[in-house]
Amino acid sequence: MAAEVESLASSVQELSMNRSGPPSRYILKDGIGLNVASSFPVLDIPVIDLGLLASSSPEGEEQLDRLRSALGYCGYFQTINHGIESSFLDQVHDLTREFFHLPMEEKKKYSREANDIDGYGNDVIYSEKQTLDWNDRLYLNTLPENIRKLKKWPKNPEKFSEMLCEYTTKLQGINEIILKAIAKSLNLEENCFVKQFGKKPTALARFNLYPPCPTPHLVLAAKAHGDASGTTYLLQDREVEGLQFLKDDKWYRAPIIPDAIVFNVGDQLEIMTNGIYKSPMHRVVTNKERERITAAFFFAPDPTSVVEPAEGLIDEKRPRLYKKVVDYTANCFELFQKGKRPIDALRI
Ligand SMILES: O=C(O)CCC(=O)C(=O)O
Ligand SMILES: [Fe+2]
């Protein structure tokens, strides 16, 4: 009977309504380490004021120092005063929720097949080939060409594609400020990383729905991974925690700060900074009662650009740690499926 229900369900959202619990393919062999997700300690993620960071003032210098120590310490920080209105972020949350609560037939209209949109299109439908995380997602490429196509997207929820275009543009601006600040924090010319991102950097948006899971101690909402991006911006759920970061071999919860956007270093920025700033391992745990909704944006260098450690970060004391790479993202998936950290394959 369970097998029958399993084969009929096409999304985790549907599986979560299945009273017999998650299908065995989602169950972790060793559990998540502790019985209750909330018993992991909270890690106080450094908070950076982006308005101040972008200003040329003593306060800006202070924020740059914070950024340097945050990235050296853990590879992530929360950005506040980033210039995106709270009401706009409410719209992102609300439209994402509305999308995931559409009937499956409506959601299917967002698929790559239905829209000729690059990237992974609609992954709300699970198949055996996927990573078996307890989430449904809408995952797509928001390059300018795609944004034009998105304007023709299904109109339900009505403002979804408009929001996506606007949010991408806002985050691109933030990404430029942060890439410049990161270069400055390493005493490099401020455009050094912006240049490595090339003429046509990629932007991937991933909207996540993590439905409630009856056995949170046995199922992960997203398995441990480092992001293949250059930089990642995550809008967390307003109320439900779930994100955890690995630091010194221990898992910590990422706290929710309303309207803050969590920034983390991706593998490609780790390469560019010659391993000075590391791409943190993170995962998402499931929640027994409540669903969780998040929106992650990944920026990465133009797939034709050569990504390599910045010259200014290589010397006798710190030799080059990584080989050159082109289109890192495309090469990652296979390694990840084999359970390897893709970035390790590039170590010299
Ligand atoms: O939803 C989250 O909290 C994190 C998502 C994430 O790590 C990812 O999409 O790569
Ligand atoms: Fe991630």
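Residues numbered from 1 in each chain as written. Chains lettered and ligands numbered in written order. Predicted model: local features only at pLDDT ≥ 70, side-chain atom pairs only at ≥ 80, totals over all residues. Heavy atoms only, no water.

- Where an unreviewed UniProt entry is consulted, the protein appears under the name Fe2OG dioxygenase domain-containing protein, with the organism given as Ilex paraguariensis.
- Annotation of the protein in UniProt includes, under Sequence similarities (unreviewed entry), the sentence "Belongs to the iron/ascorbate-dependent oxidoreductase family." (UniProt positions renumbered as here; feature names shortened; annotations may be inferred.)

Side note on the packing of aromatic side chains
- Here the structure, examined in full by the defined rule, presents eleven aromatic pairs.
- Between F77 and F263, the aromatic rings sit 4.8 Å apart at their centres with planes inclined by 20 degrees, giving stacked as the arrangement. Of this pair, F77 sits in strand β2 (residues 76-80) while F263 sits in strand β9 (residues 261-265), placing them 186 residues apart in sequence. Across the pair, F263 and F77 agree in class, each one buried.
- Between Y233 and F299 the ring centres are 5.8 Å apart and the planes differ by 75 degrees, which places this aromatic pair in the edge-to-face class. Here Y233 is found in strand β6 (residues 231-235), whereas its partner F299 is found in strand β11 (residues 292-300), with 66 residues between them in sequence.
- The exposure class assigned to Y233 is buried, which follows from its relative accessible area of 0%.
- Here K170 stacks its cationic end above the ring of F88, 5.0 Å away from the centre of that ring.
- The lysine or arginine in question, R206, covers the ring of Y139, its NZ or CZ lying 5.7 Å from the ring centre. (Phe/Tyr/Trp six-rings, centres within 6.5 Å; stacked < 30°, edge-to-face > 60°. Helix = DSSP H or I, 4+ residues; strand = E, 2+ residues; numbered from the N terminus. Buried < 20%, exposed > 50% of the residue type's maximum accessible area, 1.4 Å probe, protein only. Lys NZ or Arg CZ within 6 Å of the ring centre and 35° of its normal.)

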